[in-house]
Amino acid sequence: MKLHKSIYLTLAVAFVMTSCSKEDPFWGSSAEGEGRILKSALNVSVPNPDGVTVASRPVLTRAAAPSADAFTVDFIKEGETEPTRSYVYSEMPEVVTLPAGAYTAVAHYGDNAPQAWEAPYYKGDTKFVVVADKITSDIQPIDARLSNVRVSIVFAPSLLANMSSDSKVTVKVGESGTLDFTAADADRSGYFAYVENSCSLTATFSGEVEDYPVVESKVYDTVAPGSHYRVTFRLHDAGDEDPGSINTGLTVDASVEIVDMNVTLDPEEDEILEDDLRPTEGEPTPPTPVDPVDPSKPAPAASALVPTGDYAGFTQLDLNKVNEVTDKLYCAWKVTSEAQGGFTKFDVEIISDTLTPDELDGVGLQKDLDLINPGQFEETLAGLGFPVNLGGQNSAEFDITGFLSLMSILGPGNHEFRLTVADANGTSIISVRLHTN
């Protein structure tokens, strides 16, 4: 699960103006018919893999986003197909000399393979003119966009519990890109090259459900580059309808959720398209847990969550939106249960751009945590403001204000603390969402 958020990755390709004096580090002259890019900023903004772009300082640690140093910048002269100059950003000289003429500077990252796991491809360009014996300093910034197609597959819990272990979803994008997704691929995405006029996506479930063979396809005909397509397969109670290949009255159906990865809005604003392709907008909603007795119904709510703490001089945590992390944010809340016997389950999932598994391991934590049976993580969790050993309790108070400093040190990103809480009344999934600049 990924929280749909983003950051700018800024490539400041800075070229310094020179003179012809030996005191200037770039002294010297251009060859006849050549000009220089002596002072230009090719600022390349890149939305992160989860969507919305916001201005930010450079990232210190980010596993999913491309590194500024890894981008390639090609300088292509008008009328030509091959670059006149091409540099990996980390190796680009501070002064670039080019023959006079009109140019397109193309920044790109990735290989744009027909299909690959976790392989985003970014591309953007800008145009400018080089004049002989002149300085070019008015190059417009490059807006590098995700230029291939991202797809992930979600198996709903009701289907996951009833399908065979060899069940899979085969995804085909365009004419050639194909990948097979199994239940083990729930936490990763496939990327497919976008081909003009070949813009269909087909996701086909195949396997056994309750010992009956099932083949069910979902087709989407208007695939666009720079979008993330989440296809969810679930069991559907067919009732009096034709049950298809499942004699028990259950069938498999699918829906498509689409997130534009190239938006530049803040706060987040995603486009959601269901089967009828009716667009809706709003904050992303955590998945609704199903009733263990009747999987076609949502589970009853288990708990309530409210902000707590003394807010004098501080910003109150808002549980209905993404909260900006500042030194004035008081990040504290309380979860309560009205059920006899209190909490029977209390899990925390840390979904973060910068708190990667390696970063969490460095502070003695992991991505998924059990606050009822914290085990080896008990001392660290308590020290960071997380309550522990919550089994049978009817309330739990969190104060992770001190944890925010670590999140800020790691740079800009989006973060979600997703709580899965169960008691005798049912199960709730509740979230606290944060953004660091």
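With that out of the way, let us pick up the environment of Met163. As for its placement among the helices and strands, Met163 is situated in the loop between α1 (157–160) and β13 (168–173). Taking the relative accessible area as the measure of exposure, Met163 reaches 12% and is therefore buried. In this structure, the C-alpha to C-alpha distance between Met163 and Gly207, residues 44 residues apart in sequence, is 6.9 Å. Look past the residues within four positions of Met163 in its chain and what remains in contact with it is Phe155, Ala183, Phe205, Glu208 and Val209.

Turning our attention to the sheet that holds strand β24 (residues 322–324). The strand order across the open sheet built from five strands is β24-β31-β30-β27-β28, with neighbouring strands paired in mixed fashion. At either margin of the open sheet sits one strand with a lone partner, and together these are β24 and β28 (368–370). Strand-to-strand twist of the sheet, defined as the mean angle between neighbouring strand axes without regard to direction, takes the value 20°. Where strand β30 (residues 413–423) meets strand β31 (residues 426–436), eleven bridges bridge the pair, whose relative direction is antiparallel.

Our focus in this paragraph is the sheet that holds strand β7 (residues 101–109). Sheet architecture is open: five strands sit in the order β5-β4-β7-β9-β11, paired in antiparallel fashion. Sheet topology places β5 (85–88) and β11 (145–146) at the edges, where each strand pairs with a single neighbour. Pairing analysis gives nine bridges linking β7 to strand β9 (residues 122–130), with the strands arranged antiparallel. Bridge pairing in β9 links Gly101 to Val130.

With that settled, consider the pairing of β13. Covered by surrounding structure in β13 are Val169, Val171 and Val173 only, the residues Lys168, Thr170 and Lys172 on the alternate face being uncovered. Bridge count between β13 and strand β16 (residues 201–209): six bridges; the pairing is antiparallel. From the neighbouring strand, Val173 faces β16, where its bridge partner is Leu201. As paired elements, β13 and strand β14 (residues 177–181) share five bridges and run antiparallel to each other. The partner of Val173 across the bridge, within β14, is Gly177. Turn length for the β13-β14 hairpin, with the two strands adjacent in sequence and antiparallel, is three residues, and the turn residue Gly174 shows positive phi of about 70°.

This part is about unusual backbone geometry. For Glu118, which is not glycine, the phi torsion reads 45° and is therefore positive. Its location among the elements puts Glu118 in the loop between β8 (115–117) and β9.

Relative to the helices and strands, Ser431 resides in strand β31. Within polar-contact distance, the side chain of Ser431 engages the side chain of Glu416 at 2.5 Å.

Conventions and cut-offs
- Residues numbered from 1 in each chain as written.
- Predicted model: local features only at pLDDT ≥ 70, side-chain atom pairs only at ≥ 80, totals over all residues.
- Heavy atoms only, no water.
- Helix = DSSP H or I, 4+ residues; strand = E, 2+ residues; numbered from the N terminus.
- Buried < 20%, exposed > 50% of the residue type's maximum accessible area, 1.4 Å probe, protein only.
- Contact = heavy atoms within 4.5 Å.
- Pairing = 2+ DSSP bridges.
- Axes fitted to C-alpha atoms, helices over the stretch in contact; angles between N-to-C directions.
- Polar contact = N/O pair within 3.5 Å; in protein donor to acceptor, adjacent residues only side chain to side chain.

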